[in-house]
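Chain by chain, the residues:
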Amino acid sequence: RGTWLLVGIPLLAAAFSVHKPNPLPTPQPALPASFDTFDAVSLASDLARLYPDRVPGTAGAVGAAQWVRDQLTPYGLQVSPDRFSANVPGIGKRTLVNQIVTVPGRSPDEIAVLAHRDDDGTGPGANNNGSGIAALVQLARSYGSAAGARPVTPQHTLVFVATDGGSFGSLGARHFAETHRGH
């Protein structure tokens, strides 16, 4: 019985303290086009084929960063580089680059979506992490437009981040978390 009181009372208190979010405003905006799985696979394959070695600080890493920019700028999305220096395990001091795309929302509160662009150099990196970058590119594109007008404004500001150094201890994600001054 004593154990039930120790477990039951906090659970009961938690059940009555959970805040139910307000419903979304009506009418709701049209949602962006659905995720294109075929295109995402094609993007991951393309990145892995063109830049199979994306170890931070290499020519492949520079090419992969340009590739990401080339995939997003036709959609009116501005890619901002965030360069920083880090000690890459097993390699040494290198300059790394996170790429940041911000899609303003109705609220300044931000939702960050991250994927690492690099790989560890032991293979073409289609799954590590070409697939993550392909998904990030697909999601970001859905909030852009080749004509420059956004198809829909998200509820929250969206921050898409292609990080560097993910295969070496999430260096870019850590840098972003420590230095980003969003809401």
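Residues numbered from 1 in each chain as written. Predicted model: local features only at pLDDT ≥ 70, side-chain atom pairs only at ≥ 80, totals over all residues. Heavy atoms only, no water.

Quick rundown of the environment of G166? Include the residues and the values.
Note that G166 resides in the loop between β4 (156-163) and α5 (171-179). G166 sits 111 residues away from V55 along the chain, and the two C-alpha atoms are 9.7 Å apart. Every residue in contact with G166, bar those within four places of it in the chain, is listed here: H116, D118 and L171. (Helix = DSSP H or I, 4+ residues; strand = E, 2+ residues; numbered from the N terminus. Contact = heavy atoms within 4.5 Å.)

Quick one: what's the story with the environment of N127, residue by residue and with numbers?
Among the structural elements, N127 can be located in helix α4 (residues 126-141). On a C-alpha basis, the gap between N127 and A44 in space is 7.8 Å, while along the polypeptide they are 83 residues apart.

Before we move on, can you summarise the packing of aromatic side chains with the specific residues and values?
According to the stated counting rule, one finds one aromatic pair in the structure shown. Pairing Y143 with F160 gives two aromatic rings, centres 6.5 Å apart and planes at 35 degrees, and the pair type is tilted. Of this pair, Y143 sits in the loop between α4 and β4 while F160 sits in strand β4, and the two are 17 residues apart along the sequence. Comparing Y143 with F160, the two get one shared label, buried. (Phe/Tyr/Trp six-rings, centres within 6.5 Å; stacked < 30°, edge-to-face > 60°. Buried < 20%, exposed > 50% of the residue type's maximum accessible area, 1.4 Å probe, protein only.)

Talk me through the pattern of salt bridges; I want residue IDs and the actual numbers.
Across all of its chains, the model carries three salt bridges by this definition. For D164, the salt bridge identified is with R117, shortest N-O distance 3.5 Å. Taken together, the residues D164 in the loop between β4 and α5 and R117 in the loop between β3 (107-116) and α4 connect sequence positions 47 residues apart. By relative accessible area, R117 is classed as buried at 2%. (Salt bridge = Lys/Arg side-chain N within 4 Å of Asp/Glu carboxyl O.)

Account for the nonpolar core, naming residues and giving values.
In this structure, L72, I133 and F160 are the most contacted members of the largest nonpolar core, which totals 23 residues. Contributing elements (two or more residues each) for this core: α2 (37-50), α3 (59-72), β2 (92-103), α4 and β4. In terms of residue count, α4 provides more of this core than any other element does, five residues in total. Apart from residues no more than four positions distant in its own chain, F160 is found in contact with Q99, I100, V101, V103, V113, L136, L139, A140 and Y143. Membership of the second largest hydrophobic core comes to seven residues, among which are V55, F84, V88 and L96. (Core = buried A, V, L, I, M, F, W, Y, C linked by side-chain atoms within 4.5 Å.)

Outline α5, supporting the account with residue identities and numerical values.
Turning to α5, its buried residues number three or more, namely L171, G172, H175 and F176. Buried residues of α5, seen end-on, are gathered within an arc of 135 degrees and therefore sit on one face of the element. Turned more than 90 degrees from where α5 packs its buried face, A177 and E178 sit exposed. Where α5 is buried, its residues contact β1 (80-88), β2, β3 and β4. (Arc of directions from axis to C-beta.)

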